[in-house]
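Breakdown of the fold
Take a look at the letters that make up each chain.
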Amino acid sequence: MRWVNRQVRRTDRLLLGSLPILLLVVIYLVMAVSRHAANPADKILPLPGTMAESMYALIFEPDKLSGQLVFWADTFASLQRLGIGLGISTLMAIMVGLVIGVLPPVRATLGPLVTGIAVIPPIALLPILFIALGLGETAKVALIVVGIAPVMIRDIAAHVVELPREQIIKAQTLGASSWQVMIRVALPQAMPRLIHAMRLALGPAWVFLISAEAIASDVGLGYRIFLVRRYLSMDVILPYVAWIAILAIIIDMTLAYLSRRLFPWAHEASH
Amino acid sequence: MRWVNRQVRRTDRLLLGSLPILLLVVIYLVMAVSRHAANPADKILPLPGTMAESMYALIFEPDKLSGQLVFWADTFASLQRLGIGLGISTLMAIMVGLVIGVLPPVRATLGPLVTGIAVIPPIALLPILFIALGLGETAKVALIVVGIAPVMIRDIAAHVVELPREQIIKAQTLGASSWQVMIRVALPQAMPRLIHAMRLALGPAWVFLISAEAIASDVGLGYRIFLVRRYLSMDVILPYVAWIAILAIIIDMTLAYLSRRLFPWAHEASH
Amino acid sequence: MSALLNLRDVWVEYGDRIIIENLNLDIDAGSFVSVVGPSGAGKSTFLRLILGQEAPTHGKILLDGTPLIPECGPDRGVVFQRYSVFPHLSVLRNTIFGMECAQAPISGRLFGSARRAAEAEAIEMLTAVGLGDSLHLYPAQMSGGMQQRLAIAQALVKRPRILLLDEPFGALDPGIRADMHALITRLWRDYTLTIIMVTHDIGEAFSLGTRVLALDKRRHDPHAPHRFGATAVYDLPLEKKISRAALEQVSITIDELGNN
Amino acid sequence: MSALLNLRDVWVEYGDRIIIENLNLDIDAGSFVSVVGPSGAGKSTFLRLILGQEAPTHGKILLDGTPLIPECGPDRGVVFQRYSVFPHLSVLRNTIFGMECAQAPISGRLFGSARRAAEAEAIEMLTAVGLGDSLHLYPAQMSGGMQQRLAIAQALVKRPRILLLDEPFGALDPGIRADMHALITRLWRDYTLTIIMVTHDIGEAFSLGTRVLALDKRRHDPHAPHRFGATAVYDLPLEKKISRAALEQVSITIDELGNN
Amino acid sequence: SKPSSDAPEPRQEFSIGWSIYAGWMPWPYAQQAGIVKKWADKYGIKINIVQVNDYVESVNQYTAGKLDGVTVANMDALTIPAAGGKDTSAIIVGDYSNGNDGVLLKGTNDLKAIKGKQVNLVELSVSHYLLARALNSVGMALTDVKTINTSDADIVGAFASPDVKAAVTWNPQLSSMKAQPGANLVFSSADIPGEILDLLVVDTDTLKANPKLGKALAGIWYETVALMQRQDTKGKEARAAMAKLAGADPAEFDGQLSTTHLYFDPNAAVAATSDPALITTMKRVRDFSYSKGLFGGARSADAVGMSFPGGKTLGDPQHVTLRFDESFMKLAADGKL
Ligand SMILES: Nc1ncnc2c1ncn2[C@@H]1O[C@H](COP(=O)(O)OP(=O)(O)OP(=O)(O)O)[C@@H](O)[C@H]1O
Ligand SMILES: Nc1ncnc2c1ncn2[C@@H]1O[C@H](COP(=O)(O)OP(=O)(O)OP(=O)(O)O)[C@@H](O)[C@H]1O
Ligand SMILES: [Mg+2]
Ligand SMILES: [Mg+2]
């Protein structure tokens, strides 16, 4: 059977998917063990035991000063920032992207601006952001939004522009106004793409979150990573990064599931 | 006439597009002047005159030590890194994305890994990256690649998966093997999307370039921005950021033009 | 009787390809115009012109004596050659879409009794086109002919002044096609619609239409085939109930007529 | 004579919708099977089964006596109901695609004389379907009927053993349709192809086919319409050159036959 | 990296990392002015002076073995490479911060007003240590303030934000921030002279196998600082070049130098390194670091051993990983290079 046609069963899929990840883990272990043979105090590739110890303290032992469980406090703070940032960006993407995609005059007016903002690296303009928004939560969320919303807006707008012209025409012959074309034709069809855009934006969103937390913060996954980077505590950094990956994959899978549940028409194999 | 149908002429488009950007410039000027009225030594929102002066020196006066024109040396170094990083990512996106999109077994095997890498914020792995790859150009290019390639791969793979099933079937009935389906059906149709993905990746690519240059570098636009940031020299930072935006917009427009020229079939309005 | 639509010296060109050439035409209100012609002649293009989806390269089109703005509206309904239903709406929701737009300008959605009324009307129309059993399917779950019928129902339920049909019954079996003929004839008569229908079935063209229009190139230059566009090479007003025998004869001679 | 294709107790279900029910059929090599039936009956689904695009829910399909793997190959060509040409290739390149795949396994492209030979063959076929003037257009620049003809040319140029056609002539005008009938009959005879064609034109079904198959539901339950699938309600082998009069009669009684 | 037991082979080429800081600018200048090449040639080796824009990354790179030596502050030398088991020798004690690090408050010049405030600083760095010492000096402890980790690259911009009322940082950021309206320097490293040391450290094994490296580096260093100390045009030119490399103008750079106590004279550096006060300082730094958890899972502050001139040690003598080695400075002082 040709490879294009080889469908993989669910269980096999799980198995195959975990293979390369397992491989990476094994490679890591081999390298870590050999480094530790050379220098038992090596900090760069810590052994699983060391990581487990360090993480145990962060997960289960309350911090002496604040009384919080550090790991969970970090997770909660970061997820909250990420959620708000991703939420605002998604809202902006669907609203601005829709309008830009559907209405040519708006596209002409805002298109270049959005492109401009999309390509400006926000981290270069941090001082201005600080002055405008301070150093608190607002600034962190804003950095995420400035970082990912323009890309999402452009993606949604491009998708809406590519809707078959016939559909827009058809809607108008059925009496739809610009507004109705927008909310009844473009919006629902942009929704699956919006979820796709969210999934793609998730990676960059974490990047901006971590950058924001590295800049000024006192709690958060990114804060902890950058703090312990000061003494190269990879035994904390690596589990934190793995945890971020797990969180991100859970969010990603949830979004994929939601898209299939909410928009079955977009995932049906069409004959 | 309904807004959905209002097409904007080319000249009007230029005009409309520059409006919001002009507006931003005016707002900036007003704020800068008012800050300078309060504190003539204000560094955060410098006046155009100050920026012009600082930039003049960087653009036209050769550095005494190295004999280079700093601004151009920075531009060249950054563009080179960006070009290599974007090039490698694009190659990876089309190769890996295509294979993942076309062949279900490969999708099952590599899909989760790519998702995993896509969602891991590379910024958190900076120490590992720099330790593994040293402080040279490799690490900087690698940060860009790790940052943008997974997102591009996922985008291309998703696009290829969504190709109408009929086309894949049709190609097979015409005798195409998996390989031929890949290079003759999926690849050409993924090309316009690849360019779209490159355009969307441009913003993040600059972010990663600047992050990399901030950490280990001695030339480059990002290096300069981070160097003078210690002194809050917004009179250099702002023109540099504007320059980055201009470069990015030129690249963006070139890519859009190329896509229209090379793949006219993808841009024809279909009836 | 003043014409509803006037086309004056209309040309359509794509790049250097001339598609429609010097087309002059008046279409009366309440007429049922069948458009025939070879594949690729420009029949769909002609419909797009009247729909307002495209503007002519030269010439002008008048609707009720005023120039037609290149914009489509609820006065002109359409069934495209390619299925033009909304993939994200079920059969029933596709059909009530037009009524929702008219009655709910802001939300674009109907609720409660207004919705039930719209649905009742839609179900009636869907039953007439034979989709009464498939109310909750999405287009991707339907066969080609079912999608075509859905598109017809969607357009008919709005009862537009002018209805443009592009091979609407092409993918239907003879039984359903006969039902559809009856349906469209009834609606055309009851609501005095003006219908312009492209078809490849000459029998259908003559049995339904009050006028048959053939679009074709007047000249063929084998070395520059694209430099000549199509126009109305043949325009036959029909008194209803022409004997069927006469029709057969006309359909056989059509090609010669087309090249004169 | 042993059959080329055997269908044994084949069922197709989508979720709880039964589409095809208990279908048993033998198709001989070299036959030309016309498939008719109401819209939505499952004709396209039937073709997809034979193509290998879909596997039956129950039952089995044998090709040359061995079970059919659910995979399509160059032995079975297809023209889909919806235009299935490659949007990124011009007319000519769409047509030589099949030859390129066969002759250039690695690059998938032909150059030099091999390419010229392939192009000559393609141009011949394209001229036969009336697209000789449109070699360099992209599908988006063509009318519906032109795309359909391109899909036919693309499939025919490969001369597959089994050719599956889903309403291939639906969007064509009578003149071109007659040309296509002649073309397909000639190729079928010259290369002893086996053809299975879905059509809504009963005349076409009888004049081209050596066997006419009607797919329809045997039972209709108004309360659970989706719980009954279609099967071959009527299967008529034709001796070629049946008098046209007889055909007319059959086509009129078809509905009664279908419900017995 | 090779096991530390079998001594590495002598090598020809070495990389020394540096990052931008007033007391370390002699290194890149020496590179540009050919002083590095001169001394390297003399000992028949090659030395690359590598700039790393991000200070922590330069130390991490050194710890990972990608660099043979690096410029680093005493506290970070202890908490990053030494605590990571990398045997490290501090062969040049270049300067101590004499006002280069400072605590800034907005709107008041009373350090006591810091109580209960949020303080922006690079946590776990010398700034953190300085803050602890500052609070100590007015009878408070770190628990009396709330620290917000702020990256050194962004702290200047952050300080301009009205949100921020207190910050601890080092030069050149310190001078930029001090110039902002309303900012007051309420405590600085000038109040704890000799406690924040800027070092050049190299990998002990590499140094053992290649003593030439230590000699060349000492030679480079003292020639360069002698040059920059001069008040004639040559000295001015050298300082201007360093200013440019640091992204500053000469006046700013001179300002930063004035708060840096450079040991121009190798004798003074040797004296400072051999002074028992250094042991007291390092004990303080060590205890602070341990209390902040910077020694990883270590059970006591003694886990990391340090050695000082004259065979004195601090902490676990079996696990000495930070060695203050005055021998190369002494060679320079004696003119034996
Ligand atoms: N993905 C799907 N999910 C559910 N039902 C489906 C799906 N695909 C097709 N069907 C149903 O299968 C039935 C048969 O479809 P098919 O396309 O085979 O009909 P057909 O005989 O070719 O009709 P037509 O003449 O209109 O093309 C239809 O009733 C359709 O609703
Ligand atoms: N975008 C385009 N660019 C160039 N030529 C085009 C374009 N769109 C359509 N054409 C050409 O216009 C001509 C008329 O097309 P049209 O779709 O109107 O034909 P038609 O009469 O409807 O044919 P059919 O019966 O096959 O549907 C065709 O020859 C087609 O090639
Ligand atoms: Mg047409
Ligand atoms: Mg069908």
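Residues numbered from 1 in each chain as written. Chains lettered and ligands numbered in written order. Predicted model: local features only at pLDDT ≥ 70, side-chain atom pairs only at ≥ 80, totals over all residues. Heavy atoms only, no water.

Quick notes on the domain arrangement of chain A
What counts here: A domain assignment, automatic or from a database, supplies the domain bounds used here.
According to the domain assignment, chain A consists of domain 1 (11-40) and domain 2 (72-270). Here domain 1 of chain A and domain 2 of chain A have C-alpha centroids that lie 32 Å from each other.

Looking at the site of ligand 1
Selection criterion: Residues are labelled near a given molecule or strand when at least one of their non-hydrogen atoms is within 4 Å of it. Between N or O atoms, a polar contact is any pair within 3.5 Å; within protein, one atom must be a potential hydrogen donor and the other a potential acceptor, and residues adjacent in sequence are included only when both atoms are from side chains. To measure how exposed things are, a 1.4 Å probe is used in the Shrake-Rupley method; for residues, cover is taken only from the protein chains shown. A run of H or I in DSSP counts as a helix once it spans at least four residues, and a run of E counts as a strand once it spans at least two, with each numbered from the N terminus. Each residue receives one of three labels: charged for Asp, Glu, Lys and Arg, nonpolar for Ala, Val, Leu, Ile, Met, Phe, Trp, Tyr, Cys and Pro, and polar for the others, Gly being one of them.
Taken together, 22 residues form the shell around ligand 1, and within it Gln 141 and Ser 143 of chain C together with Lys 43, Ser 44 and Thr 45 of chain D come nearest. Here an oxygen atom of ligand 1 sits 2.8 Å away from a polar atom, N or O, in the main chain of Gly 42 of chain D. With respect to ligand 1, the side chain of Ser 44 of chain D contributes an N or O atom lying 2.6 Å from an oxygen atom. Coverage of ligand 1 by the protein amounts to 94% of the 640 Å² it exposes when considered alone. For the shell around ligand 1, the secondary-structure elements that each account for two or more residues are α4 (144-156) of chain C together with β2 (17-27) and α1 (43-51) of chain D. Class assignment for the residues of the shell around ligand 1 results in six nonpolar, 12 polar and four charged.

With respect to the site of ligand 2
Close contacts around ligand 2 come from 22 residues, with Lys 43, Ser 44 and Thr 45 of chain C together with Gln 141 and Ser 143 of chain D the closest. In this structure, ligand 2 sits where chains B, C and D come together, each supplying nearby residues. Within the backbone of Gly 40 of chain C, one N or O atom sits 2.7 Å away from an oxygen atom of ligand 2. One nitrogen or oxygen atom from the side chain of Ser 143 of chain D is found 2.6 Å from an oxygen atom belonging to ligand 2. Protein chains shield 95% of the accessible area of ligand 2, which is 640 Å² for the free molecule. Looking at side-chain class alone, the shell around ligand 2 contains six nonpolar, 12 polar and four charged residues.

A short note on the packing of aromatic side chains
Residue and element names in this part refer to chain D. Heads up, the condition is: By convention, a stacked pair of Phe, Tyr or Trp rings (six-membered ring in the case of Trp) has centres within 6.5 Å and planes under 30 degrees apart, an edge-to-face pair has planes over 60 apart, and any other such pair is tilted. Categorising residues by exposure relies on relative accessible area from a 1.4 Å probe, with only protein chains included: less than 20% of the type maximum marks a residue as buried, more than 50% marks it as exposed, and the intermediate range marks it as partly exposed.
Using the criterion set out here, one finds 22 aromatic pairs over all chains in the structure. Between Phe 32 and Trp 188 the ring centres are 5.4 Å apart and the planes differ by 80 degrees, which places this aromatic pair in the edge-to-face class. Placement of Phe 32 in strand β3 (residues 32-36) and of Trp 188 in helix α5 (residues 174-190) is noted, with a sequence separation of 156 residues between them. By the burial criterion, Phe 32 is buried, and Trp 188 matches it.

Some words on the interface of chain B and chain E
When the parts of a complex come together, some accessible area is lost, and that lost area is often taken as the interface size. Put simply, the test is: The contact definition used throughout considers only heavy atoms, calling two residues in contact when any of these lie within 4.5 Å. What counts as buried area is the accessible surface, traced by a 1.4 Å probe, that two parts surrender upon association, with contributions from both included. When a carboxyl oxygen of Asp or Glu lies within 4 Å of a side-chain nitrogen of Lys or Arg, that pair is called a salt bridge.
Between chain B and chain E, the residue contacts involve 24 residues of the former and 31 residues of the latter. Taken together, the two surfaces of chain B and chain E that pack against each other cover about 2,300 Å², and 57% of this comes from carbon and sulfur. The salt bridge partner of Asp 154 of chain E is Arg 229 of chain B, with a shortest N-O separation of 2.2 Å. If you look at where chain B meets chain E, you find seven residue pairs in polar contact (both at pLDDT 80 or more).

Remarks on the relation of the copies chain A and chain B
Basically, it comes down to this: We place the copies in one frame by least squares, fitting the C-alpha atoms of every residue whose pLDDT is at least 70 in both.
Least-squares fitting of chain A to chain B yields an RMSD of 0.3 Å, with the superposition described by an axial translation of 0.0 Å and a rotation of 180 degrees. The symmetry that links the two subunits is that of a two-fold axis. In terms of C-alpha distance to the rotation axis, chain A has Pro 204 of chain A as its closest residue, with the C-alpha 3.7 Å off the axis. When the interface residues of chain A are mapped onto chain B, 97% of them again lie at the interface, so the same face is used by both copies.

Concerning the pairing of strand β2 (residues 46-51) of chain E
Residue and element names in this part refer to chain E. Defined as follows: We call two strands paired when DSSP finds no fewer than two bridges between them.
Side chains of β2 alternate between two faces, with Ile 47, Ile 49 and Gln 51 buried and Lys 46, Asn 48 and Val 50 left unburied. Inspection of the sheet shows strand β1 (residues 13-18) paired to β2 by six bridges, in the parallel sense. Bridge pairing in β2 places Phe 14 opposite Ile 47.

Comments concerning the nonpolar core
For clarity, the threshold we go by: By convention a nonpolar core is built from buried Ala, Val, Leu, Ile, Met, Phe, Trp, Tyr and Cys residues, the set being connected through side-chain atoms within 4.5 Å.
One finds Ile 47, Ile 114 and Leu 217 of chain E to be the most contacted residues of the largest nonpolar core, which totals 300 residues. For Ile 114 of chain E, the contacting residues outside a window of four places in its chain are Val 103, Leu 105, Val 119, Leu 131, Leu 135, Met 140, Val 145 and Ala 166 of chain E.

Observations regarding the sheet that holds strand β6 (residues 118-121) of chain E
Read from one edge of the open sheet, six strands run β1(A)-β7(E)-β6(E)-β8(E)-β5(E)-β9(E), paired in mixed fashion. Every interior strand has two partners, whereas the edge strands, β1 (216-217) of chain A together with β9 (183-188) of chain E, have only one. As paired strands, strand β5 (residues 101-106) of chain E and strand β8 (residues 166-170) of chain E are joined by five bridges and run antiparallel to one another. From the neighbouring strand, Val 103 of chain E faces β8 of chain E, where its bridge partner is Val 168 of chain E.

Comments concerning the arrangement of the chains
Where eight pairs of chains are in contact, the pair with the most contacts is made of chains A and B. Chain C shows no contact with chain E. Their nearest C-alpha atoms sit 43 Å apart. For the non-touching pair chain D and chain E, the nearest C-alpha separation works out to 45 Å.

Some thoughts on unusual backbone geometry
Following Asn 171 of chain E, the chain continues into Pro 172 of chain E via a peptide bond in cis, with omega recorded as 5 degrees. Along the chain, the position of Pro 172 of chain E falls in the loop between β8 and α7 (173-178). One non-glycine residue, Glu 167 of chain C, lies in positive phi territory at about 45 degrees. On the secondary structure map, Glu 167 of chain C appears in the loop between β7 (162-166) and α5 (174-190). Using a relative accessible area of 9% as the deciding quantity, one classes Glu 167 of chain C as buried. The backbone phi angle of Asp 64 of chain D is positive, close to 55 degrees, even though this residue is not glycine. Within the fold, Asp 64 of chain D resides in the loop between β4 (58-63) and β5 (66-67).

Describing the UniProt feature "transmembrane region" (unreviewed entry) in chain A
Residue and element names in this part refer to chain A. Just so we agree on the cut-off: UniProt positions are given in the numbering used here, feature names are shortened, and annotations may be inferred rather than shown by experiment.
Mapped onto this numbering, the UniProt entry gives "transmembrane region" (unreviewed entry) at residues 82-103, 110-135, 200-217 and 237-258. End C-alpha atoms of residues 200-217 are separated by 26 Å, and the span's content is 89% helix alongside 11% strand. In residues 237-258, helix accounts for 100% and strand for 0%; the two terminal C-alpha atoms are 31 Å from one another.

Digging into the UniProt feature "domain: ABC transmembrane type-1" (unreviewed entry) in chain A
The positions UniProt marks with the feature "domain: ABC transmembrane type-1" (unreviewed entry) are residues 79-259 of chain A. Overall, residues 79-259 of chain A shows 86% helix and 1% strand. The separation of its end C-alpha atoms is 21 Å.

Section: the interface of chain A and chain B
Opposite the 74 residues of chain A that make contact, chain B presents 74 residues. Carbon and sulfur atoms make up 73% of the area that chain A and chain B hide from each other, which totals about 6,300 Å². For chain A, the biggest contributors to the area lost against chain B are Val 4, Val 119 and Leu 200 of chain A; these three give 10% of the whole. On the surface where chain A and chain B come into contact, there are two salt bridges. Of the charged contacts, one joins Arg 154 of chain A and Asp 252 of chain B as a salt bridge, the two residues approaching to 2.8 Å between their closest N and O atoms.

Focus on the environment of Leu 135 of chain E
Residues and elements named next belong to chain E. Here Leu 135 is to be found in helix α5 (residues 126-137). Classification of Leu 135 by relative accessible area gives buried; the value is 0%. Remark: the alpha-carbon pair of Leu 135 and Val 186, spanning 51 residues in sequence, is separated by 11 Å. The residues contacting Leu 135, other than those within four sequence positions of it, are Ile 114, Met 140, Ala 141, Leu 142 and Val 145.

Some points on the side chain of Ser 54 of chain B
As for its placement among the helices and strands, Ser 54 of chain B is situated in helix α2 (residues 48-60). Beyond its immediate stretch of four places on either side in the chain, Ser 54 of chain B contacts Asp 235 and Val 236 of chain B.

A short note on a nonpolar patch on the surface
Applicable threshold: Nonpolar side chains (Val, Leu, Ile, Met, Phe, Trp, Tyr) within 5 Å and like charges within 9 Å form the patches, drawn only from residues with over 30% relative accessible area and no salt bridge.
Nonpolar side chains collect at one region of the surface, where Leu 23, Leu 24, Ile 27 and Met 31 of chain A lie side by side and expose about 390 Å² of accessible area between them. Overall, the relative accessible area of 41% leaves Ile 27 of chain A in the partly exposed class.

Side note on the pattern of salt bridges
Residues and elements named next belong to chain D. Tallied over the entire structure, the rule returns 58 salt bridges over all chains. A salt bridge links Glu 119 to Arg 115; its shortest N-O distance comes to 2.9 Å. Of this pair, Glu 119 and Arg 115 both sit in helix α3 (residues 112-128), four residues apart, roughly one helical turn. Judged by its relative accessible area of 19%, Glu 119 falls in the buried class.

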